[in-house]
Amino acid sequence: QVQLVESGGGLVQAGGSLRLSCAASRSIFSIGTMAWYRQAPVKQRELVAAITSGGVTNYTDSVKGRFTISRNNAKKTVYLQMDSLTPEDTAVYYCNADLKTNLFFAYNNYWGQGTQVTVSS
């Protein structure tokens, strides 16, 4: 069973930075789109940023110019560099990825367990 293991969350002051990482826990044949979502209290989960296997990225408007998503396929890892953080960025951040574990299998979608990011004012 593949797991996505996240790290890098924590408490930071407004204006600060954090870098989230998410790695697949076992050998992967192919990695498709990787993404970060977040869910704040009493809000729906929203897409923050995504990156395709070809490196094309997209961001939700509220993080454009402040967050950067990147990936390292050899390390089976996706990153989210978050700069100029504001209290409105406070949420649980979830990693998401389309992974193929075998040549003959289809891509399946996986979620990480979530990591808390708290930005104090």
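Cut-offs and rules
- Residues numbered from 1 in each chain as written.
- Predicted model: local features only at pLDDT ≥ 70, side-chain atom pairs only at ≥ 80, totals over all residues.
- Heavy atoms only, no water.
- Core = buried A, V, L, I, M, F, W, Y, C linked by side-chain atoms within 4.5 Å.
- Buried < 20%, exposed > 50% of the residue type's maximum accessible area, 1.4 Å probe, protein only.
- Helix = DSSP H or I, 4+ residues; strand = E, 2+ residues; numbered from the N terminus.
- Pairing = 2+ DSSP bridges.
- Axes fitted to C-alpha atoms, helices over the stretch in contact; angles between N-to-C directions.
- Patch = residues over 30% accessible without salt bridge, like charges linked within 9 Å, V, L, I, M, F, W, Y side chains within 5 Å.
- Areas by Shrake-Rupley, 256 points an atom, 1.4 Å probe, with all protein chains shown as cover.
- Salt bridge = Lys/Arg side-chain N within 4 Å of Asp/Glu carboxyl O.
- Phe/Tyr/Trp six-rings, centres within 6.5 Å; stacked < 30°, edge-to-face > 60°.
- Lys NZ or Arg CZ within 6 Å of the ring centre and 35° of its normal.
- Disulfide = S-S within 2.5 Å.

Core analysis: the largest hydrophobic core is formed by 30 residues, its most contacted members being Trp36, Leu80, Met82, Tyr93 and Leu99. Of all the elements in the fold, those that place two or more residues in this core are strand 3 (18–24), strand 4 (30–39), strand 5 (46–51), strand 7 (67–72), strand 8 (77–82), strand 9 (91–100) and strand 11 (115–120). It is strand 9 that contributes the most residues to this core, 5 residues altogether.

Attention shifts here to the sheet that holds strand 1 (residues 4–7). Strands in a sheet are paired, the pairing made by backbone hydrogen bonds, and the direction either parallel or antiparallel. With antiparallel pairing, 4 strands are arranged side by side in an open sheet as 1-3-8-7. A single partner strand is all that each edge strand has here, and the edge strands are strand 1 and strand 7. Strand-to-strand, the axes of this sheet are offset by a mean angle of 15°, without reference to chain direction. In the sheet, strand 1 pairs with strand 3 via 4 bridges, with the strands oriented antiparallel. Among the inter-strand pairings, Glu6 is bridged to a residue of strand 3, identified as Cys22.

Turning our eyes to something else, we now look at a nonpolar patch on the surface. Together, Phe29, Leu103, Phe104 and Phe105 make up a nonpolar patch on the protein surface, roughly 500 Å² of accessible area in all. Accessibility expressed as a relative area gives 48% for Phe29, which makes it partly exposed.

This part is about the packing of aromatic side chains. How two aromatic rings sit relative to each other is given by the distance of their centres and the angle of their planes. Following the criterion strictly, the structure yields 2 aromatic pairs and no others. Their ring planes at 85° and their centres at 6.5 Å tell us that Tyr94 and Trp111 sit as a pair that is edge-to-face. A residue pair is termed long-range when its members are at least 10 positions apart, and Tyr94 in strand 9 and Trp111 in strand 10 (residues 108–111) qualify at 17 residues. We classify Tyr94 as buried; its relative accessible area is 14%. Positioned above the aromatic ring of Tyr94 is the side chain of Arg45, whose terminal nitrogen or guanidinium carbon lies 3.7 Å from the ring centre.

With that settled, the discussion passes to the state of the cysteines. The tally for this structure, following the rule as stated, stands at 1 disulfide. Paired through a disulfide, Cys22 and Cys95 show a sulfur-sulfur distance of 2.1 Å. One quick way to see it: the torsion about the S-S bond of Cys22 and Cys95 is about -80°, and its sign makes the bridge left-handed. Of this pair, Cys22 sits in strand 3 while Cys95 sits in strand 9; the two residues are 73 residues apart in sequence, bridging distant segments of the chain. A relative accessible area of 1% places Cys22 in the buried class.

The backbone of Val42 sits at a positive phi, close to 60°, despite the residue not being glycine. Taking relative accessible area as the criterion, Val42 reaches 88% and is therefore assigned exposed. With phi around 50°, Ser84 is a residue other than glycine that occupies positive phi space. Mapped onto the fold, Ser84 is located in the loop between strand 8 and strand 9. Classification of Ser84 as partly exposed rests on a relative accessible area of 40%.

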